[in-house]
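Topology and contacts: notes
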Amino acid sequence: LLKSAIGSTIDEARSFSRSIAEVNSILPKTSKLTDEQTKAFIALSSQYGKTPQSQAKAFYEIVSGGVEDTATAFKILKQSNEAAAAGLTEVNVSAKVLTSTFNAFAQQGTSVNQITDSLFQAVKDGQTTFEELSGTLGRVAPIASSVGVGIDEVAGSIAFLTKSGIQTDQAV
């Protein structure tokens, strides 16, 4: 039993190390993860009940989505954990929807917190989930943002339409 537990711990550590290496492979050379940032994955995993590897994989999703600034990426990761902790989805799914939405609305000065609040409200008021939004919101967010429509209006429309019986993929 002890041997099995030790083996499992070693496997998890190797997997986490591979995930960190994957993240570093797509970060700009000047933005590689520091030991302190790597420890932040472990702290977030303890705080939100997810594995360090799931944190690193969600961070990879954020960086591969175009967020190269590590401070911003960690803000998105924290908000992704908040969404996952609320029972709405897994951390990598919320990371995907928050990243794509942030990329679309950042030019309007919209913060990650505002996006998270708007999407939480859409889920609360409508009949949709973060997972459904993750697969569909990317189709409308860049267009809406480019014509000056804000995230609150987009999320409100989705909530209204889904509550009226339209499926999320059609409402978006």
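Here the structure is shown first, and the text comes after it.
Mapped onto the elements of the fold, Asn 24 is located in helix H1 (residues 2-26). For Asn 24, a relative accessible area of 18% translates into the label buried. Among all residues touching Asn 24, those that are not within four sequence positions of it are Lys 32 and Leu 33.

We now examine the nonpolar core. Core analysis: the largest hydrophobic core is formed by 39 residues, its most contacted members being Leu 33, Phe 41, Phe 59, Leu 77, Phe 105 and Leu 119. No other element matches helix H5 (residues 91-105), which puts seven residues into this core. The residues touching Phe 105, leaving out its near neighbours within four places in the chain, are Thr 110, Ile 115, Ala 141, Ala 144, Ser 145, Val 149, Gly 150, Ile 151 and Val 154.

Here we take up the pattern of salt bridges. Overall, the coordinates contain two salt bridges when judged by the stated rule. One salt bridge connects Glu 90 with Lys 50, and the closest N-O pair in it is separated by 3.7 Å. Of this pair, Glu 90 sits in the loop between helix H4 (70-85) and H5 while Lys 50 sits in the loop between helix H2 (35-48) and helix H3 (52-64), and the two are 40 residues apart along the sequence. Its relative accessible area of 21% is what places Lys 50 among the partly exposed residues.

Here Gly 126 lies in the loop between helix H6 (112-125) and helix H7 (130-136). With a relative accessible area of 13%, Gly 126 lands in the buried category. Taking the C-alpha atoms as reference, Gly 126 lies 5.3 Å from Thr 162; in sequence the two are 36 residues apart.

Counted at 1.5 Å a residue, the expected span for H4 with its 16 residues is 22 Å, and the 22 Å between its end C-alpha atoms agrees. For H4, every residue scored as buried is listed here: Thr 70, Thr 72, Ala 73, Phe 74, Ile 76, Leu 77, Gln 79, Ser 80, Asn 81, Ala 83 and Ala 84. Against the buried residues of H4 lie H2, H3, H5, H6 and H7.

This part takes up the packing of H2 against H4. Look at H2 against H4: their axes get within 11 Å of each other, and the N-to-C directions meet at 15°. Judged on the interaxial angle alone, H4 and H2 are roughly parallel. Considering how the two elements wind past one another, H2 and H4 form a crossing that is right-handed. Listed contacts from H4 to Gln 37, Ala 40, Phe 41, Leu 44, Gln 47 and Tyr 48 of H2 are Thr 70, Phe 74, Leu 77, Lys 78, Asn 81, Glu 82 and Ala 85. Grouping the amino acids of the contact of H2 with H4 by side-chain chemistry returns seven nonpolar, four polar and two charged.

How each quantity is defined
- Residues numbered from 1 in each chain as written.
- Predicted model: local features only at pLDDT ≥ 70, side-chain atom pairs only at ≥ 80, totals over all residues.
- Heavy atoms only, no water.
- Helix = DSSP H or I, 4+ residues; strand = E, 2+ residues; numbered from the N terminus.
- Buried < 20%, exposed > 50% of the residue type's maximum accessible area, 1.4 Å probe, protein only.
- Contact = heavy atoms within 4.5 Å.
- Core = buried A, V, L, I, M, F, W, Y, C linked by side-chain atoms within 4.5 Å.
- Salt bridge = Lys/Arg side-chain N within 4 Å of Asp/Glu carboxyl O.
- Expected span 1.5 Å × (residues − 1).
- Axes fitted to C-alpha atoms, helices over the stretch in contact; angles between N-to-C directions.
- Parallel < 35°, antiparallel > 145°, perpendicular 65-115°, else oblique.
- Left-handed = near helix turned anticlockwise from the far one by under 90°.
- Nonpolar A, V, L, I, M, F, W, Y, C, P; charged D, E, K, R; others polar.

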